[in-house]
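# Structure at a glance
One letter stands for each residue in the lines below.
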Amino acid sequence: MKNLEEQIRDASSLDALSRVRIELFGKKGALSKEFAKLKDVPGPEKKAFAEGLNRQKAHLQDVYDTCYETLKKEEIERLLKAQAIDVSLYSNLNEKGALHPVMTTMDKIIDYFVALNFSIEDGPKVEDDFHNFEALNLPKNHPARDMQDTFFFRDKAVLRTHTSPVQIRTMLAQKPPIRMIAPGAVFRKDYDITHTPMFHQVEGLVVGETGEVSFANLKSIMSDFLHYMFGEVEVRFRPSFFPFTEPSAEVDISCIFCKAEGCRVCSHTGWLEVLGCGIVDQNVFDAVNYKDVSGYAFGLGVERFAMLLHKIPDLRMLFEGDTRLLEQFR
Amino acid sequence: MILTRTWLDIFIDLKKVSNEKLYETLNSIGLEVDNIKEYTIPPKVVVGKILSCEKHPDADKLNICQIDIGSGIRQIVCGAKNVVDAEYVAVATVGAKLGEDFEIKHAKLRGVDSEGMVCSASELGLPDIGDGIMILDESIGELIVGRELNEYKKLADTVIEIELTANRGDCLSIHGVARDLSASLKIPLNRFDYESQNPEKIGLARVSKLIVKGKIDASVQYALANMEELYTSLLFSLRLAFIDELQSDALKNTLKYITHTTGVILRAYDVGHIKLEEDEKLTIKLENNRGIVDVIINDKLYSKLGITHVQEIEATEKSSRVLFETSYMNPTILTNLVAENRLETDELFYNTSRGSEPNLCFGINYLTYLLESYTKSKLFEGNISLDEEREDKIVTVCTTEVCQLIGNDIPKINIMTILTDLRFKVQSTADDKFGVTIPNYRHDIENIQDITEEIVRMIGINNIEAKPLEFKESQRINSTMERYYAKKSLRSRAVGAGFDESISYAFSDKLLLAKYNFPLIDEKLDIINPITSDFNTLRTTLLINLIQAVERNINYSKKRVALFEIGTIFDNNRKEREVLSLIYSGQSETEYVGNAGKPKPITFDIFVKKLSAIIGNFELRASTKDNLLINPYQSADIIINNEVSGFITKVHPNVCEDFNLFDTFVAEIDFEALSPKHINAHTISKFQGVYKDLSLVVDKHLPYSHISNTIQLLDLPLLSNFYAVDVYEDKELGEEKSLTIRLFIQSLEDTLNDKDIDYTVNTILEKLHNEYGAKLR
Ligand SMILES: [Zn+2]
């Protein structure tokens, strides 16, 4: 019997073990032979003999199970080893593309205003003089028209120079209260390191009954928005001038590059100009025939925000589908 | 607009105002500080007095000077030509450091000892004011030999550049900025008054007369002077150099200096050459010429008031007799005149069109003061002038309205004080409303909102308490917002399929569009003033822009470029629509161990799968497009909801050659067709279905879309789905091909039986046989 146990233990593979199993536990196996002897054992000893045999059988079964487990493990281990892969070879496969940083910046801006229940509005890129200038308190020959180099068409239409005409379209189509943003491409005839003939703006407009919407509201929302975009920065308001708002302000944030110490990006002032805003001029409301309302408007350049947020050095690169830049955003 | 601290000192006492406070105030009142330069002159640079000056025995160009520097007399060798004219100069004494590693030491120049250096302006870090050394004069203050130059604040000045908004013409002068600062800092503004001390004995009226023809919407004032010994003092040179306006002509410098200081528009005409008979007067005629004011002097046109003047009659420092003209014209009238008549303008138009100083006497007085203090010129007594009749502009201010616009409560008394400080005339009343007379130099103030802006400026926006907006209205989700989110998810799917997002200009090159047979904007609707010929029209496809972007990337050694853009294109009537365009060029996947660094080039198969991962299901049918990107054998119309919504093609080899592209595929799809559709779920069968493969032999050229259409039209109730799974062609089949279609047959009501299955299969077979001669293989 000892010998049988050794046979089990000696099996070096699952195959060998399986052969031993037949020899031991099979119908004609060693154990069957032992049990056959039972009939020759005299009556009084039969019980003890059978018990002894069953104990032995159980012990051998235990040994067998243990060996089987061990060999099975070894077998699987061997199989797995044979399929081993250097997984590190499959790092960074670059199979995902990148969203454009200008568009993701625009997304981020839109998310903020949508959360504040602003609607998103849109208008045509090819505009007429009324919507792009006249209704925005920019009559013909107004010096502020010079600031916006305009693309003209033969039929006197223009490419919109700002997203502000969407304000006019929305006010003409809807009744107050209005709370909207207009994101989109705008066009100016200017092409150098800091200007491209097309860029993107997000324009905002809030209109309510007289006295409901004030400069103080504008201040609160602009500060909050800039903190959402740029984190812990200081926000500063400076009086400025835009034809369609009065009072007007330009808004600066403390320079995010030099912690307001002064650097090249902020022209050593410690401040970065990021948006313009103001109380809507009564002439604009007159142009759309709104009565007894007040409102504020704001506008910002998306490329400027994207360049500041992501420290992108070159504006023109943004419009060339340059994958050397884009792939960094994958 | 550039100003300096000491220049402001003429009109406002800034002694108690630090530079930081000054910058902060300028910014907060809307005069944005763009640039600051605080000049300092290094220690040990002192005022020196040249006692003698001799030629160096061994060097023609050198002079040996004996210079008193207060603490003693030094011998200094100087190479500047103008040292011979100089009395007082800036001397860098031994030990002075003029730069990081430039310290003045004892030196020997061609054998002669030299103890110090006579400096030019630029050597002291000041702007360049001309060749040679800087000759000091009393314009910068009393010259005390040995005094440190840095103590002369007019030299070591602070130069501030402010950016003015288009409405603030009143701040285009030192006086104007001082006036605004005075209101904000509550420091009084110094009045400038001067009366001629020593005029010519003859009155101006005796030698000249003014004739006016028509109604003149302008104010003009003339002065006449006999000129003598005009020069540009050191202070003027330096200040004009600070504002980048220093010229070589002393008269022009004087004019510029006065206009920059006072804001009054000043021109000078040479009238010395006009020969006048005895008793004949200099005749100045102002003539209304369709609104433009022509200035005609002795029958010759000299200028168009506020716009430009004739160059030839412009006075210079050599002119012996000069007629000075100060003028003011309403900027709105002026800009309209110029635009309507397309007039050429000169540099002063920048000031006149933004609103120059209307107080002309101020300009004339300042001129008189300068000429009499610094030259021997003499002015004729009195002046002749025309004053436009201008009504005072009065605005009614309602305190409540101002407070509502600002959103903070501001007491009426504060509003009135601010306006008074700004030199608005306030009529006090008992109630909420009061009238305000606007000073004539503030042509930009017209209504209550303008007044509110003044209040905001003076309080400082940063001192206005922010208040959150209260919500009262319902949600604002509209179709534009839905469209935006549809676009956003489309973009992230495109990125998931390996495409980079691109933005290109909405412009295109007309020649390129024509070359590849894309539509062109109707000639009558095209851009008149394109920026370059590459962008001379609006794009009618995104694909040309994307192809150009790929070309650039290939030039940067990229082997795989996949880009997409969602953007606006235009049809020939300039109607706008948005499309999704994709381009894939080069390798189909990354180079990595899985492909031994040799990925297969992109194929129709791979591209179409990527497209499907982005936009979902679509049907492809033989292409009907006629643009020349189309490759006739690998191109298709994209059908979505039974409508042709775009196209897909392998780019034609000719185009690949034009742009040096690898194998390239493109697709352009109407965004409209991609917006999410509402879907109703259909019943799902509880019973098992079976797959049946149908292998058919059909004509080689028969497109699968015809077969699928035919099967679709049968509308078999048990046919739950079908699709092509194999196409096979070989020599034996000749002009035919084998096509395997997999059918999925399933009933909604019952377990399938063989009879039902056979019926479905046979109906299809029969129909395809009748229509296309298809037979089972
Ligand atoms: Zn900085």
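Residues numbered from 1 in each chain as written. Chains lettered and ligands numbered in written order. Predicted model: local features only at pLDDT ≥ 70, side-chain atom pairs only at ≥ 80, totals over all residues. Heavy atoms only, no water.

All names here are of chain B. Read across the sheet, five strands follow the order 5-4-3-6-11 without closing on themselves; strand pairing throughout is antiparallel. Since the sheet does not close on itself, it has two edges, and those belong to strand 5 (73-78) and strand 11 (117-118), each with one partner. Taken together, the five bridges between strand 3 (residues 45-56) and strand 6 (residues 88-92) define a ladder with antiparallel strand orientation. By the bridge assignment for strand 6, Val47 is matched with Ala90. (Pairing = 2+ DSSP bridges. Helix = DSSP H or I, 4+ residues; strand = E, 2+ residues; numbered from the N terminus.)

A separate point is the nonpolar core. B:Leu149 and B:Phe324 are the most contacted members of the largest nonpolar core, which totals 178 residues. With nine residues, the single largest contributor to this core is helix 8 (residues 215-230) of chain A. Here B:Leu149 is in contact with B:Ile41, B:Val45, B:Val46, B:Val47, B:Ala90, B:Leu124, B:Met134, B:Leu136 and B:Leu155, once residues within four sequence places are set aside. (Core = buried A, V, L, I, M, F, W, Y, C linked by side-chain atoms within 4.5 Å. Buried < 20%, exposed > 50% of the residue type's maximum accessible area, 1.4 Å probe, protein only. Contact = heavy atoms within 4.5 Å.)

All names here are of chain B. Burial runs high along strand 20 (residues 321-329): eight of the nine residues are buried. The sheet contact formed by strand 14 (residues 218-226) and strand 20 spans nine bridges and is antiparallel. Each bridged residue has a counterpart across the sheet, and for Ala218 the counterpart in strand 20 is Met329. Where strand 15 (residues 265-270) and strand 20 come together, six bridges link them in antiparallel fashion. Of the residues in strand 20, the one forming a bridge with Arg267 is Glu325.

A few words on the domain arrangement of chain B. When the domains of chain B are assigned, the result is domain 1 (2-39 + 159-185), domain 2 (45-156), domain 3 (204-386), domain 4 (393-463), domain 5 (480-674) and domain 6 (690-776). Using C-alpha coordinates to define each centre, domain 1 of chain B is positioned 54 Å away from domain 5 of chain B. (Domains from an automatic or database assignment.)

Residue and element names in this part refer to chain B. As summarised here, the arrangement of the three strands in space is 1-12-2, forming an open sheet in which the pairing is antiparallel. The open sheet has two edge strands, strand 1 (2-4) and strand 2 (32-38), and neither has a second partner. Averaged over all pairs of adjacent strands, the angle between their axes in this sheet comes to 25°, without regard to strand direction. Bridge count for strand 1 against strand 12 (residues 158-163) is three bridges, and the pairing is antiparallel. Bridging across to strand 12, Thr4 finds its partner in Val159. (Axes fitted to C-alpha atoms, helices over the stretch in contact; angles between N-to-C directions.)

Let's shift gears to the packing of helix 13 (residues 479-496) of chain B against helix 16 (residues 604-615) of chain B. Residue and element names in this part refer to chain B. Where helix 13 meets helix 16, the axes come as close as 8 Å, and the angle between the chain directions of the two elements is 150°. When the axes of helix 13 and helix 16 are compared, the pair comes out roughly antiparallel. As for how helix 13 packs across helix 16, the hand of that crossing is right-handed. Seen from helix 13, the contacting residues are Leu490, Arg493 and Ala494; seen from helix 16, they are Ala613, Ile614 and Ile615. Its residues placed into classes, the contact of helix 13 with helix 16 shows five nonpolar, no polar and one charged. (Parallel < 35°, antiparallel > 145°, perpendicular 65-115°, else oblique. Left-handed = near helix turned anticlockwise from the far one by under 90°. Nonpolar A, V, L, I, M, F, W, Y, C, P; charged D, E, K, R; others polar.)

Octahedral metal centres with six donors ideally show angles of 90 or 180 degrees, and tetrahedral centres with four donors ideally show 109.5 degrees. Residues and elements named next belong to chain A. With distances of 2.2 to 2.3 Å, the protein atoms coordinating the zinc ion are Cys255 (SG), Cys258 (SG), Cys263 (SG) and Cys266 (SG). For the zinc ion, the four donor atoms are set out with angles of 101 to 114° between them, so the coordination reads as tetrahedral. Mapped onto the sequence, the residues coordinating the zinc ion show the spacing C-x2-C-x4-C-x2-C. Separated by eleven residues along the polypeptide, Cys255 in the loop between strand 7 (245-254) and strand 8 (271-280) and Cys266 in the loop between strand 7 and strand 8 bring together distant segments of the chain. Of the residues examined, Cys266 reaches a relative accessible area of 2% and is grouped as buried. (Donors = N, O, S within 2.8 Å, 3.2 Å for Na, K, Ca; no water. Tetrahedral: all angles 85-135°; square planar, octahedral: opposite > 155°, others 65-115°.)

Turning our eyes to something else, we now look at the interface of chain B and chain A. Opposite the 90 residues of chain B that make contact, chain A presents 88 residues. Across the chain B to chain A interface the summed buried area is about 7900 Å²; carbon plus sulfur atoms make up 56%. When residues of chain B are sorted by the area they lose upon contact with chain A, B:Arg476, B:Ile503 and B:Tyr505 head the list and together hold 10% of the total. Between B:Glu32 and A:Arg238 there is a salt bridge, with its nearest N and O atoms 3.2 Å apart. The interface formed by chain B and chain A holds 45 residue pairs in polar contact (both at pLDDT 80 or more) in total. Residues of the side of chain B that touches chain A, tallied by class, amount to 37 nonpolar, 27 polar and 26 charged. (Buried area = accessible area lost by both parts, 1.4 Å probe. Salt bridge = Lys/Arg side-chain N within 4 Å of Asp/Glu carboxyl O. Polar contact = N/O pair within 3.5 Å; in protein donor to acceptor, adjacent residues only side chain to side chain.)

A separate point is the packing of aromatic side chains. Using the criterion set out here, one finds 38 aromatic pairs over all chains in the structure. Centroid distance A:Phe319 to B:Tyr505: 4.9 Å. Interplanar angle 15°. Geometry classified as stacked. Remark: B:Tyr505 occurs in the loop between strand 26 (500-501) and strand 27 (507-508) and A:Phe319 occurs in the loop between helix 10 (302-310) and helix 11 (323-326); the pair is interchain, linking two chains. Since its relative accessible area comes to 6%, B:Tyr505 is described here as buried. Aromatic side chains B:Tyr516 and B:Phe659 sit 6.0 Å apart centroid to centroid with 40° between the ring planes, which places their arrangement in the tilted category. (Phe/Tyr/Trp six-rings, centres within 6.5 Å; stacked < 30°, edge-to-face > 60°.)

Bringing a nonpolar patch on the surface into the picture now. A surface patch of nonpolar side chains, amounting to about 480 Å² of accessible area, comprises A:Ile85, A:Val87, A:Leu89, A:Tyr90 and B:Val593. Within the secondary structure, A:Ile85 sits in the loop between helix 4 (43-82) and helix 5 (101-115). Note on A:Ile85: relative accessible area 57%, which makes it exposed. (Patch = residues over 30% accessible without salt bridge, like charges linked within 9 Å, V, L, I, M, F, W, Y side chains within 5 Å. Areas by Shrake-Rupley, 256 points an atom, 1.4 Å probe, with all protein chains shown as cover.)

What follows is about helix 5 of chain A. All names here are of chain A. With 15 residues, helix 5 extends 21 Å from end C-alpha to end C-alpha; this agrees with the ideal 21 Å at 1.5 Å per step. Counted residue by residue, helix 5 has eleven buried out of 15 residues, so it is predominantly covered. Where helix 5 is concerned, the buried positions are Pro101, Val102, Met103, Thr105, Met106, Asp107, Ile109, Ile110, Tyr112, Phe113 and Val114. Positive phi shows up at Asn117, right after helix 5, with a value of about 65°. (Expected span 1.5 Å × (residues − 1).)

On to the state of the cysteines, then. Tallying each qualifying case throughout the model produces zero disulfides over all chains. Considering cysteine sulfurs only, B:Cys403 is the nearest to A:Cys277, which forms no disulfide, with 20 Å between them. A relative accessible area of 2% places A:Cys277 in the buried class. (Disulfide = S-S within 2.5 Å.)

Glancing now at the packing of helix 6 (residues 250-262) of chain B against helix 9 (residues 360-374) of chain B. Axis angle and axis distance: for two packed helices, these are the angle between their axes and the distance between the axes, and together they describe the pair. Residues and elements named next belong to chain B. In the contact formed by helix 6 and helix 9, the axes pass within 10 Å of each other and the chain directions differ by 135°. Relative to helix 9, the element helix 6 is oriented oblique. The two elements helix 6 and helix 9 meet at a crossing, and its hand is right-handed. The segment helix 6 lies against helix 9, with Thr254, Tyr257, Ile258, Thr261 and Thr262 engaging Phe362, Gly363, Tyr366, Leu367 and Leu370. The residue inventory of the contact of helix 6 with helix 9, partitioned by class, reads six nonpolar, four polar and no charged.

A separate point is the environment of B:Ile418. Residue and element names in this part refer to chain B. Here Ile418 is to be found in helix 11 (residues 412-421). Its relative accessible area of 14% is what places Ile418 among the buried residues. It is 7.4 Å that separates the C-alpha atoms of Ile418 and Ala183, two residues lying 235 residues apart in sequence.

This next bit is on the domain arrangement of chain A. Parsing chain A into structural domains produces domain 1 (2-82) and domain 2 (101-329). The gap between the C-alpha centroids of domain 1 of chain A and domain 2 of chain A is 86 Å.

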